[in-house]
Amino acid sequence: MTYVKRNKWALLVLGVIVLIGVIAMPLTSVVAVSNVWVMLSLAFLMVGAFFILEKAHLFAGWRRRRRKGEDPLPEERIKVTEVASVKNGPVIVNRYARFCLTVGIGLLVLGIVVTL
């Protein structure tokens, strides 16, 4: 029950997309509707992966290069343990990523089941 409360907007969007697809099924083929669901699911999964990678600290410890005409930046040493602790941190799945992954996985499963 807590999963439904936590992801009520994702389930609502999923339900609206499914309802639109069910209404469109008599007008088009079932395979076409299933293909649209799979394409939408791939788009949602890509956006969800973007939100996960956004919090991944991929660029922790990088230094910015000096451009021509800029004053030289002070050379400060970056402690390896600080960078390692940031990079080895847990994977953060925020609410936007959870929303996109829930809708994407739901549409992908539905699109596969409909075409069977």
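The structure we're discussing is the one just above.
Figured I'd write up the structure that's included with this text. Residue indices begin from 1 for each chain and proceed along its sequence in written order. Totals for whole chains, interfaces and linings use every residue, but because this is a predicted model, local features are given only for residues with pLDDT of at least 70 and side-chain atom pairs only at 80 or more, for both listing and counting. Values shown for side chains rest on all heavy atoms present in the structure; no hydrogens or waters enter the calculation.

## Some points on the environment of methionine 46
Consideration 1: Relative to the helices and strands, methionine 46 resides in helix α3 (residues 30–54).
Consideration 2: Take methionine 46: its relative accessible area is 62%, and that puts it in the exposed class.
Consideration 3: Expressed as a C-alpha distance, the spacing of methionine 46 and leucine 101, which sit 55 residues apart in the sequence, is 8.7 Å. Counting from the N terminus, the helices are the DSSP runs of H or I reaching at least four residues and the strands are the DSSP runs of E reaching at least two. Working definition: with a 1.4 Å probe on protein chains only, accessible area under 20% of the residue-type maximum means buried, over 50% means exposed, and in between means partly exposed.

## Remarks on the packing of α3 against helix α5 (residues 95–115)
Consideration 1: Helix axes are fitted to C-alpha atoms over the stretch in contact, other axes to C-alpha atoms as well, and angles between N-to-C directions run from 0 to 180 degrees. Contact pair α3 / α5: the axes reach a minimum separation of 7 Å and the direction vectors enclose 155°. The angle between the axes of α3 and α5 places the two elements in the roughly antiparallel class. Note on packing geometry: the crossing formed by α3 with α5 is left-handed.
Consideration 2: Here the contact of α3 with α5 is built from residues that sort into 20 nonpolar, six polar and no charged. Convention used here: angles under 35 degrees read as roughly parallel, angles over 145 as roughly antiparallel, angles from 65 to 115 as roughly perpendicular, and any remaining angle as oblique. Each crossing is labelled by how the near helix is turned from the far one, with a counterclockwise turn of less than a right angle marking it left-handed and a clockwise turn marking it right-handed. Any residue outside Ala, Val, Leu, Ile, Met, Phe, Trp, Tyr, Cys, Pro, Asp, Glu, Lys and Arg is labelled polar, Gly included; the first ten of those are nonpolar and the last four are charged.

## Digging into helix α2 (residues 8–24)
Consideration 1: Between its first and last C-alpha, α2 extends 24 Å over 17 residues, near the 24 Å set by a 1.5 Å rise per residue.
Consideration 2: Among all positions of α2, only Ala10, Leu14, Ile17 and Gly21 are buried. What you see down the axis of α2 is that its buried residues fit within an arc of 65°, all on one side. The outward face of α2, more than 90 degrees from its buried face, is lined by the exposed residues Lys8, Trp9, Leu19, Ile20 and Ile23.
Consideration 3: In this analysis, two residues are considered to be in contact whenever any of their non-hydrogen atoms come within 4.5 Å of each other. On its buried face, α2 is in contact with α3 and α5. Here, expected helix span is obtained from the residue count minus one, scaled by 1.5 Å. Throughout, the arc means that of the directions going from the helix axis to the C-beta atoms.

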